[in-house]
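Chain by chain, the residues run as shown.
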Amino acid sequence: MLRILIVSDFAYFIFTQYVFTEYKTIHSYADFPYIIGLEIVFGGQFCYPLWYVTAYIWVLVILRFWQCKRSMVNFCIIGILLLTNMLFGTYRFLLPSDIPLPPYIGDNFLTSALPFVVLGGFLKPYIQHAASQRLTSIKLWVCILALCYAELGFLYLMDSRDGDVFLTTPILSILILVLFVRHPNWGKDSWIGMVGKKFSLNIYLLHVLVIWTVGACSRCIGINIRDYEFMLVLPITILICYIWEMLSIKLPLSWKNH
């Protein structure tokens, strides 16, 4: 994980400093220690989605020293961390508007990565039993999806555009996990399963670079593709991964998916 993070950060640092300079974060030597400090603790300073990798590394460090057992205290800790994530993210409108909050206050290893990883650990002993119950019934899914869209509608009305964890996110995550445990062969031999198995890591690492490149090319030819950019980025990124695989180019980013 550290190797992936260091190589990816270095690549995006070079691109932001010398190619896509509109995304530059280090403007002087005085900025360097501060930005590097934020990168070490929170991640995402040179390529925002890479904060997930930093968060996962810190979670592994925490779990090495914290023997998190299933107890009411630990459940409360996880609940508080998730609520903190929502308060600084999707429900930020509940706070005074004059309080400046950087994005990493909500998106970090403590309030995002740790709660979900530990929640998965708590569920592990019960997941097979849960999968045998009627937790995947149509009525339950209709109710959960209705709640999800009701919350989404409420946030839309409140003009909330921050955060990516809702109140219904942990519930929906648990049910999706149960659903795939109950149906382990879904998509096993499908094209999308093959793409996920072989290319998901490289897609994750490369897609921001593809977004920047597509945006730069569209500006050069004078067209605005912002509204349907997402329809181009994924197929282009997958195509690059296919070409990468066919040419057997052994570059630092070509790690195996685990």
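Check the entry above for the structure.
Residues numbered from 1 in each chain as written. Predicted model: local features only at pLDDT ≥ 70, side-chain atom pairs only at ≥ 80, totals over all residues. Heavy atoms only, no water.

Novice: Where do I start with the overall build of the protein in this structure?
Specialist: Counting its regular elements, the protein contains 10 helices and zero strands. Its C-alpha atoms give the protein principal-axis dimensions of roughly 55 × 50 × 45 Å. Scored against the burial criterion, the 258 residues of the protein give a buried share of 35%. The contacts in the protein between residues at least 6 apart in sequence include a share of 73% that link residues at least 24 apart. As displayed, the protein has an accessible area near 16,500 Å², and 70% of this comes from carbon and sulfur atoms. (Helix = DSSP H or I, 4+ residues; strand = E, 2+ residues; numbered from the N terminus. Buried < 20%, exposed > 50% of the residue type's maximum accessible area, 1.4 Å probe, protein only. Contact = heavy atoms within 4.5 Å. Areas by Shrake-Rupley, 256 points an atom, 1.4 Å probe, with all protein chains shown as cover.)

Novice: Sorry if this is basic, but what is going on with the side chain of Asn85 here?
Specialist: Considering the arrangement of structural elements, one finds Asn85 in helix α4 (residues 72-88). Not counting chain neighbours up to four residues away, the residues in contact with Asn85 comprise Gly106, Thr111, Ser112 and Val165.

Novice: Explain helix α5 (residues 109-123) to me, please; I cannot follow it from the model alone.
Specialist: One turn of the α-helix equals 3.6 residues, which is why residues spaced by three or four share an orientation. The end-to-end C-alpha distance of α5, which contains 15 residues, comes to 20 Å, matching closely the 21 Å that a straight helix rising 1.5 Å per residue would cover. Along its length, α5 shows its largest kink, about 25°, at Pro115. Looking only at α5, the buried set comprises Phe109, Thr111, Ser112, Ala113, Leu114, Pro115, Val118, Leu119, Phe122 and Leu123. With a side-chain oxygen lying 2.9 Å from the backbone nitrogen of Leu110, the N-terminal cap of α5 falls on Asn108. (Expected span 1.5 Å × (residues − 1). Bend = angle between axes of the 7 residues up to and from the residue. Polar contact = N/O pair within 3.5 Å; in protein donor to acceptor, adjacent residues only side chain to side chain.)

Novice: How should the pattern of salt bridges be read in this particular structure?
Specialist: Here the idea is simple: oppositely charged side chains can pair when their charged atoms come close. Under the counting rule described, the total for this entry stands at three salt bridges. Residue Arg219 is joined to Glu22 by a salt bridge in which the shortest nitrogen-to-oxygen separation is 3.2 Å. Here Arg219, found in helix α9 (residues 191-220), pairs with Glu22, found in the loop between α1 (2-18) and α2 (31-41); they are 197 residues apart in sequence, far enough to count as distant. Residue Lys198 pairs with Glu245 through a salt bridge whose shortest N-O separation is 3.6 Å. Of this pair, Lys198 sits in helix α9 while Glu245 sits in helix α10 (residues 229-247), and the two are 47 residues apart along the sequence. For Glu245, a relative accessible area of 42% gives the class partly exposed. (Salt bridge = Lys/Arg side-chain N within 4 Å of Asp/Glu carboxyl O.)

Novice: Explain unusual backbone geometry to me, please; I cannot follow it from the model alone.
Specialist: In terms of backbone geometry, most residues other than glycine have negative phi values and most peptide bonds are trans. One non-glycine residue, Asp159, lies in positive phi territory at about 60°. With relative accessibility at 57%, the residue Asp159 sits in the exposed group.

Novice: Before we go on, may I ask you to explain the side chain of Thr16 in this structure?
Specialist: Mapped onto the elements, Thr16 comes out in helix α1. The exposure class assigned to Thr16 is buried, which follows from its relative accessible area of 1%. In terms of polar contacts, Thr16 uses its side chain to reach the backbone carbonyl oxygen of Phe13, at 3.0 Å. Setting aside residues no more than four positions away along its own chain, Thr16 makes contact with Thr21, Tyr23, Lys24, Phe46 and Trp212.

Novice: Help me understand the packing of helix α3 (residues 51-65) against α5, please; the structure alone is not making it clear to me.
Specialist: Where α3 meets α5, the axes come as close as 9 Å, and the angle between the chain directions of the two elements is 65°. The chirality of how α3 crosses α5 is right-handed. Facing Trp51, Ala55, Trp58, Val59, Ile62 and Leu63 of α3, the residues of α5 in contact are Phe109, Leu110, Ser112, Ala113, Leu114, Val117 and Val118. (Axes fitted to C-alpha atoms, helices over the stretch in contact; angles between N-to-C directions. Left-handed = near helix turned anticlockwise from the far one by under 90°.)

Novice: Help me understand the packing of aromatic side chains in this model?
Specialist: By convention here, two paired aromatic rings are described through the distance between centres and the angle between planes. Throughout the structure, instances matching the rule amount to 14 aromatic pairs. Considering the side-chain rings of Phe13 and Phe46, the 5.5 Å spacing of their centres and the 75° angle between planes classify their relative orientation as edge-to-face. Taken together, the residues span a long stretch of sequence, with Phe13 in helix α1 and Phe46 in the loop between α2 and α3 at a distance of 33 residues. Cluster of aromatic residues (ring-pair linked, three or more members): Tyr12, Phe15, Phe20, Tyr23 and Trp212. The side chain of Arg64 reaches across the aromatic face of Phe65, ending 5.8 Å from its centre. (Phe/Tyr/Trp six-rings, centres within 6.5 Å; stacked < 30°, edge-to-face > 60°. Lys NZ or Arg CZ within 6 Å of the ring centre and 35° of its normal.)

Novice: When you look at the environment of Leu114 in this model, what are you seeing that I'm missing?
Specialist: By secondary structure assignment, the location of Leu114 is in helix α5. Residues Leu114 and Val59, spaced 55 residues apart in sequence, show a C-alpha to C-alpha distance of 5.6 Å. Ignoring any residue separated from it by four or fewer positions in sequence, one finds Leu114 in contact with Val59, Ile62, Leu63, Trp66, Leu81 and Phe109.

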